Amino acid sequence: MKTKTTYSLPTHLTRFNTDSKCHDYLVSVRWNGKPNCPKCGNDQMNYLLTTRNIYKCSSCKKQFSVTQGTIFHRSKVPLTKWFIAMYFFTGNKRGISSCQLAKLLGVKQHTAWFMLHRMRAALTNENEIMLSGIVEADEAFIGPKINRDLRLLMAKQKHDEEQNRLQNFTTEKRLELGIKKKVGRKKGSTKEILHQKMIERGGKPYNSHDDRKSDRIPFETGVVILGMMEQKGRMIMKILGRSRIDLTKKNILPILKNYIASHSILVTDQSSVYFNTSQLFSRHLSVNHDKGYVINGVHINNIENAWKHLKKMVIGTYFHASYQHFEKYLNENTYRWNRRQLDQECLFEDFMPLTILRKISYKELIKREQVQEAA
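Residues numbered from 1 in each chain as written. Predicted model: local features only at pLDDT ≥ 70, side-chain atom pairs only at ≥ 80, totals over all residues. Heavy atoms only, no water.

Caption draft 1: Examining the state of the cysteines more closely. This structure, assessed with the given rule, holds zero disulfides. Just so you know, Cys-57 is unpaired, no disulfide at all, and the nearest cysteine sulfur is the one on Cys-40, 3.5 Å from it. A residue is classified by how much of its surface remains accessible, and Cys-57, at 0% relative accessible area, is buried. (Disulfide = S-S within 2.5 Å. Buried < 20%, exposed > 50% of the residue type's maximum accessible area, 1.4 Å probe, protein only.)

Caption draft 2: Layout of helix 11 (residues 326–338). End to end, helix 11 covers 18 Å across 13 residues, agreeing with the expected 18 Å (1.5 Å per residue, within 8%). Across the 13 residues that make up helix 11, a large majority, ten, are buried. Those residues of helix 11 that are buried are in contact with helix 3 (79–91), helix 5 (109–121), strand 5 (223–230), strand 6 (235–241), helix 10 (301–317) and helix 12 (344–351). (Helix = DSSP H or I, 4+ residues; strand = E, 2+ residues; numbered from the N terminus. Expected span 1.5 Å × (residues − 1). Contact = heavy atoms within 4.5 Å.)

Caption draft 3: Focus on the environment of Glu-364. Note that Glu-364 resides in helix 13 (residues 362–366). Owing to a relative accessible area of 51%, Glu-364 belongs among the exposed residues under this scheme. From its side chain, Glu-364 meets the backbone nitrogen of Ser-361 in a polar contact 3.3 Å long. (Polar contact = N/O pair within 3.5 Å; in protein donor to acceptor, adjacent residues only side chain to side chain.)

Caption draft 4: Seen up close, the sheet that holds strand 3 (residues 63–64). With antiparallel pairing, the three strands of this open sheet are ordered in space as 1-2-3. Here the strands that pair on one side only, and so sit at the sheet edges, are strand 1 (47–49) and strand 3. Direction of pairing for strand 2 (residues 54–56) relative to strand 3: antiparallel, over a ladder of two bridges. Across the sheet, the residue bridging to Lys-56 is Gln-63, located in strand 3. (Pairing = 2+ DSSP bridges.)

Caption draft 5: Expanded view of the nonpolar core. In this structure, Trp-82, Phe-83, Met-86, Met-119 and Phe-351 are the most contacted members of the largest nonpolar core, which totals 38 residues. The set of elements that each furnish at least two residues to this core consists of helix 2 (19–31), helix 3, helix 4 (98–105), helix 5 and helix 12. Of all the elements, helix 3 adds the most residues to this core, at eight residues. Once residues within four sequence positions are removed from consideration, Trp-82 is found in contact with Ile-71, Phe-72, Ser-75, Val-77, Met-115, Arg-118 and Met-119. Among the nonpolar cores identified, the runner-up in size contains 22 residues, and Val-223, Met-235, Leu-310 and Tyr-318 belong to it. (Core = buried A, V, L, I, M, F, W, Y, C linked by side-chain atoms within 4.5 Å.)

Caption draft 6: Focus on the side chain of Ser-243. Within the secondary structure, Ser-243 sits in the loop between strand 6 and helix 9 (249–259). When neighbours within four sequence positions are excluded, Ser-243 is seen to be in contact with Glu-220 and Val-224.

Caption draft 7: The sheet that holds strand 6, seen in detail. Strand order across the open sheet formed by five strands is 6-5-4-7-8, with mixed pairing between neighbours. Since the sheet does not close on itself, it has two edges, and those belong to strand 6 and strand 8 (283–287), each with one partner. Each strand axis lies, on average, 25° off the axis of its neighbour in the sheet, ignoring direction. With six bridges joining them, strand 5 and strand 6 adopt antiparallel strand pairing. Each bridged residue has a counterpart across the sheet, and for Gly-227 the counterpart in strand 6 is Met-237. (Axes fitted to C-alpha atoms, helices over the stretch in contact; angles between N-to-C directions.)

Caption draft 8: Summary view of the packing of helix 4 against helix 5. Relative orientation of the contacting elements helix 4 and helix 5 amounts to 110°, with a least axis distance of 8 Å. When the axis of helix 4 is compared with that of helix 5, the two are roughly perpendicular. In contact with Ser-98, Cys-99, Leu-101, Ala-102 and Leu-105 of helix 4, helix 5 contributes Gln-109, Ala-112, Trp-113, Met-115 and Leu-116. (Parallel < 35°, antiparallel > 145°, perpendicular 65-115°, else oblique.)

Set out below in structure tokens:
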């Protein structure tokens, strides 16, 4: 394994400065230098049609290319630009935005966005590993700050107006409760305002004697994530939902059981969602953050450090990451974190085999999955 950090961008550009060099490298990675027909599997005497840069099978006579079935499938972007994009994608600690990549490659923004999502599609199985040893687990709510984004502020205003209409929370109702619009820079909250905020968080309805839960839907822009990490080792991140009400034992325990070996030691904070996890693992240790971050050598500082980098990537680089594609961003972050000790050349070469058999079309990418709400 290479450990020297001598592989730089000029070296990469010199290595792959023509499409023919990129093509030959892709042939060596995919077929080990011996073209294999994807139709019949024949790898004997397949010849190259140089005018079109594609191969023809000597058995079934079908034509095929080295990019067929890969993330480069039917892409009009030259392979030289693809290889530059993969250099920045694998090497940048907190990712690269589609706007910045478009400027570097000289393509349109939506083309760069599609290229980045194709590369993320190659990391589909990155979170499918098993952790062991001393494993830290923690949860986080990651999302943009609404008061710093005009678009989110406008969306929240429309959402609140619609919820007020559905809940019959009219102006007359507000006056009846004594809720007045704040003027100027006056601070403070009345009991009625606090009561309304409790309703928005899923608390009790307006009638305090009614024990039923409110049907008001809160405005959520973030994502609740569960993180698991071996101490000084690998990491896994899984999405729990879009609201803090999804942070329950019912959602967390199956994930811990599926991705952490039973003989491991689980280390968490003192959240109630981790109670009785000692039955699933050999031991469960917890740290009380009210007393300190490290108590008798027990801590979850590693996963806390990972949250810091993830937030800077999502909020800093991809500050408008949609929930539909959020799992792909987690796979991207996890891929780079689990290989943070490798140099740039190793990162690039390890990523290339993942691009094989990862074809994804634009229609498949933008197709919104139907989220089934629990009854």
